[in-house]
Amino acid sequence: PGKKGRIDFEQVSFSYDGEGGQPVLKQISFTCLPGETVGIIGSTGAGKSSLVGLIPRFYDVTEGTIRVDGMDVRDIEPKRLREKMAIVPQKTMLFTGTVLENIRWGKAEATHEEVEQAARMAQAHEFISATPDGYETRVGQGGVNFSGGQKQRISIARALVKKPEILILDDSTSAVDVATEGKIKDALRAYAAGLTCILIAQRITSVMDADKIIVLDNGEVVGIGTHDELMTSCQVYQEIFQS
Ligand code: DUT
């Protein structure tokens, strides 16, 4: 971590159909400094997942530039880009192996110690340890069925075991209760002061304490600021707060 993990969006526009297509993101500009937590909030279809998907290059921008640590992501070697960041997708994608294998999917050579440390931060160690087979429990088929929130926490552990410089959570705690979500955030802060975190959320409580919150509406940034700033300056944010 250290001073790594800066992200710059410079006038980024994006359409799934390329140039001339229906824009999903319009002229997005913002900076996320190393170690900052940036929250992204906005109604369904606003473009939140599309926006974060541009950073690991699931898609490429139609216009503008995205820089990571000053470099255009298109100029960073794909392997290096993959190492720098971890993304926890909205829909958890665990496979029918053991919990250990599922977490190690993030980093094949991780030691048991590293897996456990990641699971502790993700607030998953306790419920994993409470099962008869612990980390050898098979996910999915028969035996223990983990809840949606538990699966999300295993997915977060999978991302953390990589020790990324940038962590992207796409609504990854939607099924986790607010108190546990708070503990995950505390653990992230305590572990890695240098970890840059981008956090998509539906609930305002999930992003309230972020360094900066980006409010997206219909592909456009309609507000950037802290919770207090947005409460006085951004009508869309106030509406989400009241809903
Ligand atoms: N879209 C596509 N193709 C895709 C994904 C999305 O055309 O493969 C469209 C749907 C929507 C817009 O892009 O009109 C933005 O979708 P996105 O999933 O980025 O929005 P969101 O803010 O993440 O929505 P949600 O909160 O429902 O996840």
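An account of the accompanying structure is given in this report.

Rules used throughout
- Residues numbered from 1 in each chain as written.
- Predicted model: local features only at pLDDT ≥ 70, side-chain atom pairs only at ≥ 80, totals over all residues.
- Heavy atoms only, no water.
- Pairing = 2+ DSSP bridges.
- Helix = DSSP H or I, 4+ residues; strand = E, 2+ residues; numbered from the N terminus.
- Axes fitted to C-alpha atoms, helices over the stretch in contact; angles between N-to-C directions.
- Near = heavy atom within 4 Å.
- Polar contact = N/O pair within 3.5 Å; in protein donor to acceptor, adjacent residues only side chain to side chain.
- Nonpolar A, V, L, I, M, F, W, Y, C, P; charged D, E, K, R; others polar.
- Buried < 20%, exposed > 50% of the residue type's maximum accessible area, 1.4 Å probe, protein only.

What follows concerns the sheet that holds strand β6 (residues 85–88). Taking strand neighbours across the sheet as the criterion, the six strands line up as β6-β7-β8-β3-β9-β10 in an open arrangement whose pairing is mixed. One side of each edge strand has no neighbouring strand; the edge strands of this open sheet are β6 and β10 (220–225). Strand-to-strand twist across the sheet, computed as the mean angle between neighbouring axes with direction ignored, equals 15 degrees. Judged from the five bridges that link them, strand β9 (residues 212–217) and β10 form a sheet pairing that is antiparallel. Directly across from L216, in β10, lies its bridge partner V221.

This next bit is on the site of the ligand. The full set close to the ligand counts 13 residues, and T44, G45, K48, S49 and S50 are the nearest of them. Between an oxygen atom of the ligand and a side-chain N or O atom of K48, the distance comes to 2.8 Å. Take S50: an N or O atom from its side chain is 2.5 Å from an oxygen atom of the ligand. Grouping the amino acids of the shell around the ligand by side-chain chemistry returns four nonpolar, eight polar and one charged.

Two faces make up the sheet, and in a regular strand the side chains alternate between them. The buried fraction of strand β1 (residues 7–14) is high, at six of eight residues. Two strands pair when backbone bridges link them, and β1 and strand β2 (residues 25–32) are joined in this way by five bridges, in the antiparallel orientation. Looking at the pairing, D8 lines up with T31 of β2. With five bridges connecting them, β1 and strand β4 (residues 63–68) associate as antiparallel partners. When the sheet's bridge partners are listed, E10 is paired in β4 with T65.

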